[in-house]
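Listed below, chain by chain, are the residues.
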Amino acid sequence: LSVKEWTAQVIKQDEIDRYLKNGRDFIDEEEIKSLLQNNRKSDKTRVRDILAKSLAIERLGPEETAVLLNVRDDDLWEEMYETGLKVKQKVYDNRIVFFAPLYCSNYCVNSCLYCGFRAENSHEKRRRLTMEEVKQETEVMVTEGHKRMMIVYGEHPLSDVNYMCDTIRAAYEVKKPAPRGTGFGQIRRINVNAAPMSIADLHKLWEVGIGTYQVFQETYHKPSYASLHPAGTLKGNYRWRLYALHRAMDAGIDDVAMGALFGLYDWRFEVMGLLQHTIDLENHFGIGPHTISFPRMTPASGSDFSANSSYLVDDSSFKKLVTVLRLAVPYTGLIVTAREAPGIKKEVIKVGCTQTDASTRIGIGGYTETLKALQEREDYPYEQDQDIQQFTLGETRRLDAVMREFAEMGMISSFCTAGYRCGRTGDKIMGLLKSCKEGKFCKLNAVLTFREYLDDFASPATKKVGEKVIAKEMEEIRNEPFFKKGTLLATFEEMLRRTEAGERDVYI
Ligand code: SAM
Ligand code: SF4
């Protein structure tokens, strides 16, 4: 098919209409604006009551969220940051899950004003990885120690669902001996960030064995959406995108991930939009998103939009919006990406983020070109090339350095992929998360995967501080009543012994 013919057959109107209520979608701009307007003055008692609800791991309603977004008192914000951390610890403990993105193709039929991949950007050097190149990129990623991949594509017939499935299969096939120890590097879970698709195409992704399907709405504010995504382009259809995750659920993918690109419109409005989206998924399917992302717009090749937007979010507001999301949807994972520089990343991890990426390369072929050289020569200078990547990174350090920093903060890095492979996904994982039980399994799997990393990939400095983290985790596990009941503790200790002896991919 030509690009034009292909584009003409992507959107299926009936796969939008089936989710509408009386012909309307769930984003109610008037309601969001009036909730934000009418909850400007709440006293401390009201705010603290809402924090108590978050601490009980209950999702907040739109009005409660609007109250939190309107807090002006700095002391109260301090209480909210502290509560954010408590909520995170209750559900997710002190874990941070690592992944790395793999950009496969930067061909795109769309014209999003803020993105380096947009069709009109003549500076962008277009490239689509071959299957051999996908494998090479994956080899570099797994040699870093990565186990979880987020695979990313521009929207184009050259990267249609069949290409996606081929690349996913190719990446799953890679198995490389680890640089240290006796283990091997392998991707165990591939999540997908790709344009909205039909239910039939999404089902193909499910069949090839993906974890989470992720689509960012970019902005929930319809007039802004229309001006940033020209009409007539695929992405110009707001509702096709708004119901992408609903279709994914109907296609059988029960872990879906949402996000908004912060910097396009008012951040308080976007948080309310993410919440309405969460609620609509709950109404239709009984569960909300597996994760929420909040990428901040960064400079992109050939685009001056990011410098000129009047809605750019400063660090202080960014920390606030992450905190409110943590409090509003306590059981959902929150992802902070390598768009963020190390300092602010640490700040938002403290108020509730649960996942991040490291060693990240977002140029097409970027791992092979730069990270491989780094693996061979520590002092290799890494310069970002905007003309092959979608935007600019704030965090370019390697996984080992970031993990070491987190270990020094007392956090354990996890590469756990057990939930998905043990069938703890969708409503099953949500139930476990809400009752704070999933965190317990994750704690055990975090230790097993951290152990593997320390033995197979870690530098001596990271190993040294990592051993202290494992010792502390083991002490907590051995003293935790939940593990002492039944045979769970004994089973886990046996699994850890097998991992120490060199067995790999042992999970509970
Ligand atoms: N083309 C697909 C789509 O639009 O859904 C795949 C996603 S795109 C490759 C990944 C995400 O990057 C977008 O959804 C957008 O939120 C984000 N992004 C685009 N331009 C950006 C920029 N200048 N700074 C930060 N993030 C950006
Ligand atoms: Fe294409 Fe996605 Fe970039 Fe828009 S955000 S131009 S759809 S790659």
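Numbers given to residues run from 1 along each chain, matching the order in which its sequence is written. In the order they appear in the text, chains get letters beginning with A and ligands get numbers beginning with 1. Residue-level local features of this predicted model are given only where pLDDT is at least 70; pairs of side-chain atoms are given and counted only at 80 or more, and the full residue set underlies all totals for whole chains, interfaces and linings.

(A) Region of the structure containing helix α16 (residues 342-350). Partly exposed residues are those whose C-beta has more than 12 but fewer than 20 other C-beta atoms within 10 Å; with 20 or more the residue is buried, with 12 or fewer it is exposed, and the C-beta atoms are placed from the backbone. In DSSP terms, a helix is any run of H or I states spanning at least four residues, a strand is any run of E spanning at least two, and both are numbered starting from the N terminus. Buried within α16 are the following residues: K345, V348 and I349. Down the axis, α16 shows its buried residues gathered within 105 degrees of arc, on one side only. Here the contact rule is simple: place C-beta atoms from the backbone, and any two residues whose C-beta atoms are within 7 Å are in contact. Buried-residue contacts for α16 involve β1 (95-105), α15 (315-328), β9 (333-336) and β10 (355-357). Count one or two residues on from α16 and you reach G352, which has phi positive near 145 degrees. In this context, the arc is that of the directions from the helix axis out to the C-beta atoms.

(B) Here's a closer look at unusual backbone geometry. The backbone phi angle of N22 is positive, close to 50 degrees, even though this residue is not glycine. Secondary-structure assignment places N22 in the loop between α2 (14-17) and α3 (29-38). Taking the C-beta count within 10 Å as the criterion, N22 has 4 such neighbours and is therefore assigned exposed. Its identity is not glycine, yet E218 carries a phi of approximately 70 degrees, on the positive side. With respect to the secondary-structure elements, E218 resides in strand β6 (residues 213-218). Looking at E218, the number of C-beta atoms within 10 Å reads 25, which means it is buried.

(C) A look at the packing of helix α18 (residues 399-408) against helix α22 (residues 460-479). Packing of α18 against α22 brings their axes to within 9 Å, and their N-to-C directions diverge by 35 degrees. Regarding α18 and α22, the two cross each other, and that crossing is left-handed. Along its contact with α18, which presents D400, M403, R404, A407 and E408, the element α22 presents A461, T462, V465, G466 and V469. The class makeup of the residues in the contact of α18 with α22 is five nonpolar, two polar and three charged. Geometry is summarised by axes, namely lines fitted to C-alpha atoms with helices restricted to the contacting stretch, and by angles between N-to-C directions that run from 0 to 180 degrees. The crossing is said to be left-handed when, going from far helix to near helix, the turn is anticlockwise and less than a right angle, and right-handed when the turn is clockwise. Three categories are distinguished: nonpolar for Ala, Val, Leu, Ile, Met, Phe, Trp, Tyr, Cys and Pro, charged for Asp, Glu, Lys and Arg, and polar for the others, with Gly belonging to the last.

(D) Inspection of the pairing of strand β7 (residues 256-260) at higher detail. For β7, a buried count of five out of five residues is recorded, marking the element as mostly surrounded by other parts of the structure. Burial along β7 is two-sided: the face carrying V256, M258 and A260 and the face carrying A257 and G259 are both buried. Paired strands are those between which DSSP finds at least two bridges. Across five bridges, the pairing between β6 and β7 is parallel. Note that in β7 the partner of Y213 across the bridge is V256. Of the pairings in the sheet, the one linking β7 to strand β8 (residues 291-293) comprises three bridges and is parallel in character. Within β8, the residue paired with G259 across the bridge is S293.

(E) Here's a closer look at the packing of helix α13 (residues 267-285) against α15. Axis separation between α13 and α15 bottoms out at 11 Å; the angle between their running directions is 20 degrees. The pairing of α13 with α15 is recorded here as roughly parallel in orientation. The handedness of the crossing between α13 and α15 comes out as right-handed. Between α13 and α15, the contacting residues are W267, V271, L274 and L275 on the first element and S317, L321, V324, L325 and A328 on the second. By definition in this entry, angles of less than 35 degrees are roughly parallel, angles greater than 145 are roughly antiparallel, angles of 65 to 115 are roughly perpendicular, and the rest are oblique.

(F) Focus on the site of ligand 2. What surrounds ligand 2 is the set C108, N110, C112, C115, F117, R118, G154, E155, A195 and K235. By residue class, the composition of the shell around ligand 2 is five nonpolar, two polar and three charged. What makes a residue near a molecule or strand is its C-beta atom, placed from the backbone, lying within 6 Å of it.

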